[in-house]
Amino acid sequence: MGCPGAAAYRFRGPHGTRPNWQSGARGDLFRPAEQGTHNTETEKGPPRSVESRCRCSPTFDLARTQVSARHFLTLSLVTRGSHLWRCGTRKSFTGATALQRYSGTPEVSSTRERGRTVLDTAVIGAGMAGAAVAAQLERAGRDYMVLEAGPNRGREHIAADEDSAHLADPAQDPSFAPFLAQPGALYGPLSGYRRRVGGRSLYWRGICLRVEDDVLREWPVEVRRALLGTGDDPGLYARTEAALRTWCGGIQLTQARTATEQAMVKELAGLGYPAVPTPRAIRTLGQGRWEAYSPVADLPSERILTGHRVSAVRKRAGGGYSLVLDDGDGSTLDARHVVLCAGTVGNIELADGLLHGRSGEPRRYSLVDHVACGMLVVHSDGQHEAMESSVHAGFDAPSRSNLIVERQRHGEGVLLDAWTMGEQPPKATSTVLVGDATSIVLEPSARAALDAVRREQRNLLGELARRTGLTARFREEYVSFDEALAQAEARPGTAVVYDAGIGELDHESGGLALDGEHVDVSGQLREAPGVAVAGPCLFPRAGAANPSLTTLALAQYVVQRMH
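Everything in this summary refers to the structure shown in the same document. (Residues numbered from 1 in each chain as written. Predicted model: local features only at pLDDT ≥ 70, side-chain atom pairs only at ≥ 80, totals over all residues. Heavy atoms only, no water.)

On to the overall build of the protein. A count of helices and strands for the protein gives 11 helices and 27 strands. The buried share among the 563 residues of the protein stands at 61%. For the protein, the proportion of contacts with a sequence separation of at least 24, taken over those separated by at least 6, is 72%. Total accessible area on the protein stands at roughly 21700 Å², and carbon and sulfur atoms take up 48% of it. (Helix = DSSP H or I, 4+ residues; strand = E, 2+ residues; numbered from the N terminus. Buried < 20%, exposed > 50% of the residue type's maximum accessible area, 1.4 Å probe, protein only. Contact = heavy atoms within 4.5 Å. Areas by Shrake-Rupley, 256 points an atom, 1.4 Å probe, with all protein chains shown as cover.)

Put into structure tokens, the structure is as follows:
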């Protein structure tokens, strides 16, 4: 899951080619063009209050549940020959042709009903949400199978290897597939899925922020209490953060990873920002390489069936569900329980097809992303460690945005990337229209609200430039990251602002809100008993935080409440 260092992350990759580290940059990290000048071509005003929203690293350790040694099966779909029987034009898998023994072990993942093999629990999607759900099912000793549309290209994060850094760019990633058959201005050709085992969990930057308290007050009480805890229960947020800290080797999520990061925190704090190292669930690997946490890392391979996209879920007579596979043959698998983890747009489409079929006018579902913009400064003679530096400079109330300030090597110099990530306001949501084809639209009335957020974000960046003595160039029109970087390289020391459009950040959420029209407070579809939903689509309101930490926490919430 990206974030606007996501806009940057996509185009420059998680770490680019850098010279060997010589020394950490200290002292005046923002390098004003002329000491003591405050030349910003933007609105000026009194310093704004910035409130920190970074709460991480609880003071207890999460007991890691040991998974007992169990026998597993592997699904083997046979698509040719006499192993199949036809019902109309749909093929269905039966008996040992659908489930074959893994290494001769006893059959535990399925049963047979009237000659048909039936899975106990089918998890659709092996991305962040699907892998997190599967990990919880694994720890609970539940029988399950994960169905993943894409292949297994390995489970290593793309930032762990220089040779995979280019995959951050969707245009260069063979696993990328756009959401829409006909992409529009919103959610265009570079907005989509990473169809592979691990999905976006192998691409995200590891940033872990909680949804803001005032936003959570609009969530169902039961969900809010589960996340934040009550009494002696620390809550799912704290448990998830503790588990991530354990994965990181016991270090705090907000521990500085470079000397420059420590110096940036000190300098930003001196300028009035509640700065801390950006909370990240990452492990550094040396030479600028790192990996972010992915729940897919420890899942048994036998529990993941690759290369089979579920195009529809249908109710079965007598109970349970048939999963229609998009393999050109209309093949199906049967399951008693289903967990939809196919991404926000994919979950909306699957739930809509299950509840409504293809009849009638297109149905409408709300959808939000994050509103983001940033500013870039290139210092052609700067120095920086091989590992990038990232500081969370607080939550800004007027723009409802998090402010992140980052530095990293750039050619023979240093690139400063300060970016804001804010909420797409509830009154300015996008709309997913699901019918014969899916489309995503934004009502004209919503654009004014989005423009207001963008103006406040630019004011926030302008204030940062003023406090740090940078000269900033602001333009009213949309400026892409590539264009801004080219301008920043042409004018070293000058801050150039860029924008990230709706649908570019991989943070889409909503549409199937907890305790809403379609999903109950436990995460189950109201009109489809036995079908649960996981992922950011459950968020009643998204807030300004990237969705990954909440997605991991809600995976526990949903599995705990599955029948």
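Another aspect to go through is the pattern of salt bridges. Between side chains of opposite charge, a pair can form as their charged atoms come close. Per the stated rule, a full pass over the model turns up 27 salt bridges. Its salt-bridge partner being Glu-241, residue Arg-210 comes within 2.9 Å of it at the nearest N-O pair. Residue Arg-210 is located in the loop between strand E10 (192-194) and helix H4 (213-216), and its partner Glu-241 is located in helix H6 (residues 236-247); the two are separated by 31 residues in the primary sequence. For the residue pair Arg-210 and Glu-241, the accessibility class agrees, reading buried in each case. For the salt bridge of Arg-400 with Glu-423, the shortest nitrogen-to-oxygen distance reads 3.0 Å. Residue Arg-400 is found in the loop between strand E20 (389-396) and strand E21 (401-410), and its partner Glu-423 is found in strand E22 (residues 413-423); the two are separated by 23 residues along the sequence. (Salt bridge = Lys/Arg side-chain N within 4 Å of Asp/Glu carboxyl O.)

Adjacent strands of a sheet form backbone hydrogen bonds with each other and so pair up, either parallel or antiparallel. Strand order in this open sheet of three strands is E18-E23-E24, and the pairing throughout is antiparallel. A strand with exactly one partner marks an edge of an open sheet, and here the two such strands are strand E18 (363-367) and strand E24 (439-442). When strand polarity is set aside, the average angle formed by the axes of neighbouring strands in this sheet is 30 degrees. As paired strands, E18 and strand E23 (residues 430-434) are joined by five bridges and run antiparallel to one another. (Pairing = 2+ DSSP bridges. Axes fitted to C-alpha atoms, helices over the stretch in contact; angles between N-to-C directions.)

Moving on to the pairing of strand E26 (residues 494-500). The element E26 is extensively covered by neighbouring structure, given that seven of its seven residues are classed as buried. Alternating positions in E26 separate into two faces, Thr-494, Val-496, Tyr-498 and Ala-500 on one and Ala-495, Val-497 and Asp-499 on the other, with burial throughout. Across five bridges, the pairing between strand E19 (residues 370-379) and E26 is antiparallel. Note that in E26 the partner of Cys-373 across the bridge is Asp-499. Once the chain exits strand E25 (residues 471-473) it traverses helix H10 (residues 481-490) before rejoining the sheet at E26, and the crossover so formed is right-handed. (Right-handed = clockwise from strand over helix to strand, strands pointing away.)

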